[in-house]
Amino acid sequence: MVYTNNNSIFPDQVVPEEEKKSFEYGLAVGNAIEQEWFRNNSGQNRFSYNFQNFNRLRLYARGEQPIQKYKDELSNNGDLSYLNLDWKPIPVLSKFVDIVVNGMTEKGYELNSFASDPFALKQRTDFASSALRDIKNKAAIDQLSQATCQNFYASADPNNLPKDENELDLYMQLNYKQSIEIAEEEVINNVLDSNKFDETKKRLAYDLTVLGISAVKTSFNLSEGVTIEYVNPANLVYSATDDPNFEDIYYVGEIKSLTLPEIKKLFPNLTNDELERIQKYPGRQNYAQSDWQVNSDVNQHQVLFFEYKTYQDQVFKIKQTEQGLEKTLEKPDTFNPPQSDNFERASRSIEVLYTGAKILGMQDTMLEWKLAENMTRPYGDTVKVNMNYVISAPRMYQGRIESIVSRTTGFADMIQLTHLKLQQVLARLVPDGVYVDVDGLAEVDLGNGTNYNPAEALNMYFQTGTIVGRSLTQDGEMNRGKVPIQELQSSSGISKIQAMIQTYQYYLQMIRDVTGLNEARDGSAPDKNALVGLQKLAAANSNTATRHILQSLMYLTIRSCENISLRVSDMLQFPLTKAALLNSINAFNVATLQEIDSLSIHDFGIFLDLEPDEEDKAQLEKSIQIALQSGGIKLADAIDIREIQNIKLANTLLKFRQAENQAAERAAQMENIQAQAQANAESAEKAAAAEVQKQQALAQTEVQIEQAKSQFEIERMEQEANIKRGLMAEEFSYQMKLAEMQAQATAKKEAEIENRKDKRLQMQGTQQSELIDQRQNDLLPKNFESSGNDNLDGFGLEQFTPR
């Protein structure tokens, strides 16, 4: 028996768990969803309205919208026989859609995982504490390491150790990464790549731009593991909500057109009788009055796949054992024992998901209804369960969804009508012609015998531009047709064309104003006089107008990554999917492979570091260039800063590196000052020592000089003494010889004197004798001078005679 809530078409949720698991309960849920979306007494149901509206928006975005409205506008009571126009719509919205979608898909991001479980947080805290201890005790640890030749650092490589607490905070954000976090990132990226999520992301961005809503589904199966599927928003069904991220819905599903073999493949438990019943219920006749299924045929059947969120009471029996211990046993939610001292009842309510599938229109058949096997629960709240569908509609109000295309369809219609009117004006334009006054030509006589008829006159006019006319008629009266040919100018169509072009530009500008996609966004009409900065500012403002689409796309991406992260533990529980996962991870990352097994015991927070906008990059680059020019940072620092996707973190690193370099520069200056002072002191000391050495050397030199002088003096005196001794000896010898010679001369002189004396005595005696003789003999005077032999002992005196 299915309990029914009288205030709702859905079955009562306050029922036992066994009742919720029954097919009857699931059929009641499926019929309620079907009635809410596919039945409406007013003639159009909710699903058909959404499908037709989304299909219309997609046609506008492709430039393929229906043209009947334009024909009705220009026809005369439905008559188009006088119009020969090109009714093909102008794809004016396609460019704006492509600008937004391509801009979103080109936006890069980097996936980061953060282990948030107590064990990982303890590791992070222990590392930070160890690093802080190493920072504070670095000098002592270095001394101890040098003394013992062992590494006593407890955290990181001492060469890469932060210098203070501020650098440690930055290091923990930029460089610290646990191996389990790296493994988680590789697993998520691998799942995204295997599911070609980049292509899915383009479709999601297109739906957000065109429809204003986008959806993606993550699931798990034993054959493929974790899968990411694109969901067409036109096929979605969901409970009423005003949340743009659909986080408060209690059911969600989608419609798929499947053939009978596909149904049998998905639900192998179906019997042949059930398949025959489904086959006799063709999809085209499911809802004959609804035209939502454009491509349906009799061989396809519309299957409603849905998820239903409800609650489940977990009941436990806590029993006291004989040893005084407590034993917990899980019981059904109907367990309600009487009061007892031996055991007690404990319970809690948690959210659960039931998955179901049914053929639309068949009110008594369910293809599947069961409790979801692989439910994703946020680790921070094990009571809450996540839907497998992730949906986002950033501009939804009271169930009405707005998109960029929905804002501009009216203007696109006016542009199309203006284009058709312009064709109509162009078709009705009359070329310039001439007016021929036949009566005026009749009065003209060329005088050469030829006839001046209208054909001849036109021929002359078109070839020479000359007109022959008469001011007077042959009767002499004034000729009113004296100018028989006049040019006709029809310029009324030009003003209409100009008005149409202005109207066209007006509605095109209205599209730009409404969407915020200005000319600077796509560079279609850059102003040559506008500064580059102003154009970038205009493009940045355009990016701001579509930022909600980018945020929704990032929300879908990060929620999908979170679901992948939560489902990885499911993959590790089955050998086949675990082996496929391990084979898909980079085989060279051994640390990752070793950490895969422990992924299921960790909780992760998934973050996307979005690539900054061009304006943010330009501002950051400007700051980097200023810092480089001022010497605040080095080239290696600039490279590290540019590699960071997070602008706030990049600016923080820039400020830190600048302060670090300034501190290092000040320290270097102090070291230079100290080194200079030490060098000056050493120089002065060396100078003083050199002076002392110089004085010592001078003194030693003077001593040596004095010694040399003394030695030289001694040697001189010795030499002089020797010389004097020799001279004295020589003088003595000479004296002796002289004395001897003097003695000889004296002796000789004495002898000579004696000899001369003897001679004089002899001469005197002789002369005396002669004188006596003279006087005695009275002789003449006698000359005693010798005439020829007047010499003394052979020495003649005649040589001294004057001449």
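Topic: the overall build of the chain
Stage number 1. Scanning the chain for helices and strands turns up 24 helices and 17 strands.
Stage number 2. Across the 803 residues of the chain, 36% fall into the buried class.
Stage number 3. A separation threshold of at least 6 residues defines the contact pool for the chain, and within that pool the share at least 24 residues apart is 70%.
Stage number 4. Surface accessibility of the chain: about 48,600 Å² in total, with carbon and sulfur atoms responsible for 50%.

Quick notes on the packing of aromatic side chains
Stage number 1. For the coordinates displayed, the defined rule picks out 14 aromatic pairs.
Stage number 2. Aromatic pair tyrosine 250 and tyrosine 251: ring centres 5.3 Å apart, planes at 75°, arrangement edge-to-face.
Stage number 3. Here the aromatic residues Phe10, Tyr250, Tyr251 and Tyr308 are joined through ring pairs into a cluster of three or more.
Stage number 4. A cation over an aromatic ring shows up here: lysine 20 above the ring of tyrosine 311, its NZ or CZ 3.9 Å from the ring centre.
Stage number 5. Above the ring of tryptophan 37, the side-chain terminus of arginine 46 is found at 3.8 Å from the ring centroid.

Topic: the pattern of salt bridges
Stage number 1. With the rule as written, the count across this model stands at 14 salt bridges.
Stage number 2. One salt bridge connects glutamate 368 with lysine 370, and the closest N-O pair in it is separated by 3.5 Å.
Stage number 3. Ionic contacts of the salt-bridge type, sharing partners, join the residues Glu247, Arg559 and Glu562 into one network.

Focus on the pairing of strand 2 (residues 214–221)
Stage number 1. Among the eight residues in strand 2, seven count as buried, and that is most of the element.
Stage number 2. Relative to strand 10 (residues 389–392), strand 2 runs antiparallel, the two sharing four bridges. Directly across from valine 216, in strand 10, lies its bridge partner valine 390.
Stage number 3. In this sheet, strand 3 (residues 225–231) lies alongside strand 2 in antiparallel orientation, the contact comprising seven bridges.

Let's talk about the packing of helix 3 (residues 46–62) against helix 5 (residues 92–105)
Stage number 1. Two numbers describe how helix 3 lies on helix 5: the axes approach to 6 Å, and their chain directions differ by 95°. Viewed along their axes, helix 3 and helix 5 adopt a mutual orientation that is roughly perpendicular. Side by side, helix 3 and helix 5 meet where Tyr60, Ala61 and Arg62 of the first sit next to Leu93, Ser94 and Val97 of the second.
Stage number 2. Here the contact of helix 3 with helix 5 is composed, by residue class, of four nonpolar, one polar and one charged.

A word on the sheet that holds strand 3
Within a sheet, each strand pairs with its neighbour through backbone hydrogen bonds, oriented either parallel or antiparallel.
Stage number 1. Taken in spatial order, the three strands line up as 3-2-10 in an open sheet, and their pairing is antiparallel. The open sheet has two free edges, formed respectively by strand 3 and strand 10, since each of these has just one partner strand. Averaged over all pairs of adjacent strands, the angle between their axes in this sheet comes to 15°, without regard to strand direction.

Structural notes on the nonpolar core
Stage number 1. If you look at the biggest cluster of nonpolar residues, it comprises 96 residues, and the most contacted ones within it are Ile33 and Ile213.
Stage number 2. Residues Leu258, Phe267, Val303 and Met362 belong to the second largest nonpolar core, which totals 13 residues.

A look at the confidence of the model for the chain
Stage number 1. Mean pLDDT over the chain: 77, with 78% of residues reaching 70 or higher.
Stage number 2. Low confidence marks residues 284–295, where pLDDT is under 50. Its contacts with residues over four positions away, or in another chain, come to 28 contacts.
Stage number 3. Across residues 528–541 the pLDDT falls below 50, and counting only partners more than four positions away or on other chains, this stretch makes eleven contacts in the model.

Side note on helix 9 (residues 179–194)
Stage number 1. Across its 16 residues, helix 9 extends 22 Å between first and last C-alpha, which sits within 8% of the 22 Å expected from 1.5 Å per residue.
Stage number 2. When we look at burial in helix 9, the residues that qualify are Ile180, Glu181, Ala183, Glu184, Glu185, Val187, Ile188, Asn190, Val191 and Leu192.
Stage number 3. Downstream of helix 9 by a residue or two, lysine 196 has a phi angle that is positive, lying close to 50°.

Things to note about the packing of helix 3 against helix 10 (residues 197–210)
Stage number 1. Where helix 3 meets helix 10, the axes come as close as 10 Å, and the angle between the chain directions of the two elements is 100°. By the angle between their axes, helix 3 is roughly perpendicular relative to helix 10. Judged by residue contacts, Leu57, Arg58, Ala61 and Arg62 of helix 3 engage Tyr206, Asp207 and Val210 from helix 10.

As for the side chain of serine 560
Stage number 1. With respect to the secondary-structure elements, serine 560 resides in helix 19 (residues 547–572).
Stage number 2. You can call serine 560 buried: its relative accessible area is 0%.
Stage number 3. Excluding residues within four positions of it along the chain, serine 560 makes contact with Phe197, Val216 and Thr218.

Overview of the side chain of asparagine 563
Stage number 1. Mapped onto the elements of the fold, asparagine 563 is located in helix 19.
Stage number 2. If we ignore the near neighbours within four places in the chain, the residues touching asparagine 563 are Thr218, Thr376, Asn386, Met387, Asn388 and Val390.

Rules used in this analysis
- Residues numbered from 1 in each chain as written.
- Predicted model: local features only at pLDDT ≥ 70, side-chain atom pairs only at ≥ 80, totals over all residues.
- Heavy atoms only, no water.
- Helix = DSSP H or I, 4+ residues; strand = E, 2+ residues; numbered from the N terminus.
- Buried < 20%, exposed > 50% of the residue type's maximum accessible area, 1.4 Å probe, protein only.
- Contact = heavy atoms within 4.5 Å.
- Areas by Shrake-Rupley, 256 points an atom, 1.4 Å probe, with all protein chains shown as cover.
- Phe/Tyr/Trp six-rings, centres within 6.5 Å; stacked < 30°, edge-to-face > 60°.
- Lys NZ or Arg CZ within 6 Å of the ring centre and 35° of its normal.
- Salt bridge = Lys/Arg side-chain N within 4 Å of Asp/Glu carboxyl O.
- Pairing = 2+ DSSP bridges.
- Axes fitted to C-alpha atoms, helices over the stretch in contact; angles between N-to-C directions.
- Parallel < 35°, antiparallel > 145°, perpendicular 65-115°, else oblique.
- Nonpolar A, V, L, I, M, F, W, Y, C, P; charged D, E, K, R; others polar.
- Core = buried A, V, L, I, M, F, W, Y, C linked by side-chain atoms within 4.5 Å.
- pLDDT = per-residue confidence, 0-100.
- Expected span 1.5 Å × (residues − 1).

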